[in-house]
Structures are given as C-alpha cells and as structure tokens.
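Each chain, written out:
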Amino acid sequence: MTDKDVEKTDERGDAPEPWWADLGTWGAVALIALGGLAAAWAFFRLPGAPEEPVAGYYQAAKVVAIGLVIVGTSLLSRRRAGAGVTEETHEAEGADATGR
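Since the structure is predicted, the reported quantities are computational estimates derived from the model, not experimental observations.

**Q** I tried to follow the overall build of the protein on my own but got confused; where do I start?
**A** Along the protein, the regular secondary structure elements total 2 helices and 0 strands. The buried share among the 100 residues of the protein stands at 13%. Here the contacts in the protein between residues at least 6 apart in sequence split such that 60% fall between residues at least 24 apart. In the structure as shown, the protein presents an accessible area of about 8500 Å², 60% of it carried by carbon and sulfur atoms.

In structure tokens:
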C-alpha cells in the first residue's frame, strides 16, 4: 500500500461559510444599496416596516456594515496584489539596469 492509497483523516473539515462569503465586490455594493433602501423604508414607515423605527435602522445598518466590510476587504486584497506585482517589476528593472 502506497501513501497515495491511504485516506487522510487528520485534516479538519471546512466549516460552512456564511451567506455573504461569495458575494464579491458588486454583491457588496448591492448590499450597501439594499441597506440604504431598508433604512429609507423604515424612515418613511412604509408598509412592512417594523413598528419601532430603531429596529428597522438596526437591521439596515447590519446589512450596510456587512457590505462595507466585504468591499473593504476586496479592495484591500486587490491593492496588496497590485503592490506585489509592482515591487516585482521594479526589482526586475533594477537588476537589468545594473547589469546583474
């Protein structure tokens, strides 16, 4: 029996992801807009709004906060990825200029 035939059982199973994990940047922007719409809905006390406006604002703020976190992390990861490419490019150009 080889190592490839043995099933690995010591690996941890992945925990289920939250519902917002795979939304992406545009999904996060949609969440922010939806949260703003929900806050306006609660402000104007349209049908279906909670009796206490504070509860509506709280729910809308949670949706907006999730959207802002997703947008922030996606933009930060893009910036870090771009910075890594830029540093590699500058290092390669510097090596060529010195003749090394």
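**Q** What am I meant to see in the environment of Ala40 here?
**A** Relative to the helices and strands, Ala40 resides in helix H1 (residues 24–43). When the C-alpha atoms of Ala40 and Ala60 are compared, they prove to be 9.1 Å apart, with 20 residues separating the residues in sequence.

**Q** Help me understand the environment of Ala30, please; the structure alone is not making it clear to me.
**A** Topologically, Ala30 is positioned in helix H1. On the accessibility criterion, Ala30 (43% relative accessible area) is partly exposed.

**Q** For this particular structure, what's the right way to read unusual backbone geometry?
**A** One non-glycine residue with positive phi stands out, namely Arg45, at about 50 degrees. The residue Arg45 is located in the loop between H1 and helix H2 (53–98) in this model.

**Q** Any chance you could explain the environment of Pro50 here in plain terms?
**A** One can find Pro50 in the loop between H1 and H2. Judged by its relative accessible area of 34%, Pro50 is partly exposed. Excluding residues within four positions of it along the chain, Pro50 makes contact with Ala55 and Gly56.

**Q** Looking at this structure, I do not really get a nonpolar patch on the surface. What am I missing?
**A** Taken together, the side chains of Trp41, Phe43, Phe44, Leu46 and Tyr57 make up a nonpolar region of the molecular surface, amounting to roughly 540 Å² of accessible area. Following the sequence through the fold, Phe44 ends up in the loop between H1 and H2. Assessed through its relative accessible area of 57%, Phe44 is described here as exposed.

Calculation rules
- The residue numbering used here restarts from 1 in each chain and proceeds along that chain's sequence as written.
- Residue-level local features of this predicted model are given only where pLDDT is at least 70; pairs of side-chain atoms are given and counted only at 80 or more, and the full residue set underlies all totals for whole chains, interfaces and linings.
- With hydrogens and water set aside, each side-chain value is computed from the structure's full complement of heavy atoms.
- The secondary structure listing takes helices from DSSP runs of H or I that are at least 4 residues long and strands from runs of E that are at least 2 residues long, numbered from the N terminus.
- Three exposure classes are used, based on accessible area relative to the maximum for each residue type with a 1.4 Å probe and protein chains only: buried under 20%, partly exposed in between, and exposed over 50%.
- The contact rule is simple, with two residues in contact once any of their heavy atoms fall within 4.5 Å.
- What sets the accessible areas is the Shrake-Rupley method with a 1.4 Å probe; for residues, cover comes only from the shown protein chains.
- Each patch is built from salt-bridge-free residues with over 30% relative accessible area, joining like charges within 9 Å and nonpolar side chains (Val, Leu, Ile, Met, Phe, Trp, Tyr) within 5 Å.
- Salt bridges are defined by distance alone: a side-chain nitrogen of Lys or Arg within 4 Å of a carboxyl oxygen of Asp or Glu.

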